[in-house]
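# Structural description and commentary
Letter by letter, the chains look like this.
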Amino acid sequence: MKQTKGSSPVRFREGAAVYLRPIELEDAELYHASLYHSAIRELTGTQKIYSKEQIRQYLEGKMQDSSSLLLLIALRDTDEVIGDIALQDIDLLNRSANLRIALFGDEVLGKGYGSEAITLLLDYGFGILQLHRIELNVFDFNPRAQHVYEKLGFRKEGVQRDALFYNHKYHDSITMSILEEEYRAIYCAK
């Protein structure tokens, strides 16, 4: 999905292949379109249908919400938006947050873009926000993502049995997390 703005996008966190940028109201149409890709809907467990206006209102709310950070993932060389990533339920008292990621299309899977985006956001969460724990949830029908999260340093904590009803059956939700000292042992020792 191509960037439509005339000016250069803000590069909030930048890696070798991707960068993270703040989401803008102008991204509402792009974001809305991403919600109707069947694989994205399944992998994220998206069940509801949203109008463009609802997405616009959602984005307005997210931009005002200090307990979450919603960013778009873009290719560094072309500025093409290929996904989104968020830190949600940021709790500065307990120093914890929930991470969520979605890549927009099969053609961007398996290229390391998601891993790099997660690493960039973990660096921000642990290095700037001073978080102690970042967790995520992944559904049992997505072993590929589970494997990627484990390679990045996340550990399986538990299973919420039959947490999602999707496509005529129930699915387990697996909770995984990474602690600040685990992150630093992997990424800061280099």
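An account of the accompanying structure is given in this report. (Residues numbered from 1 in each chain as written. Predicted model: local features only at pLDDT ≥ 70, side-chain atom pairs only at ≥ 80, totals over all residues. Heavy atoms only, no water.)

## With respect to unusual backbone geometry
- Although it is not a glycine, R95 adopts a positive phi angle of roughly 55°.
- Checked against the element boundaries, R95 lands in the loop between β4 (81-91) and β5 (96-103).
- Judged by relative accessible area, which is 32%, R95 ranks as partly exposed.
- One non-glycine residue, H168, lies in the positive phi region at around 75°.
- Looking at where H168 falls in the secondary structure, it is placed in the loop between β7 (155-166) and β8 (169-179).
- Take H168: its relative accessible area is 72%, and that puts it in the exposed class. (Helix = DSSP H or I, 4+ residues; strand = E, 2+ residues; numbered from the N terminus. Buried < 20%, exposed > 50% of the residue type's maximum accessible area, 1.4 Å probe, protein only.)

## Regarding the pattern of salt bridges
- Taken as a whole and judged by the stated rule, the model has 12 salt bridges.
- Salt-bridge contacts for R21 lead to D27; the nearest nitrogen and oxygen are separated by 2.9 Å.
- Across the pair R133 and E157 runs a salt bridge whose closest N-O atoms are separated by 2.4 Å. A residue pair is termed long-range when its members are at least 10 positions apart, and R133 in strand β6 (residues 133-139) and E157 in strand β7 qualify at 24 residues.
- Since its relative accessible area comes to 42%, E157 is described here as partly exposed.
- Among the ionic contacts, a cluster of salt bridges with common partners joins R11, E14, R76 and D79. (Salt bridge = Lys/Arg side-chain N within 4 Å of Asp/Glu carboxyl O.)

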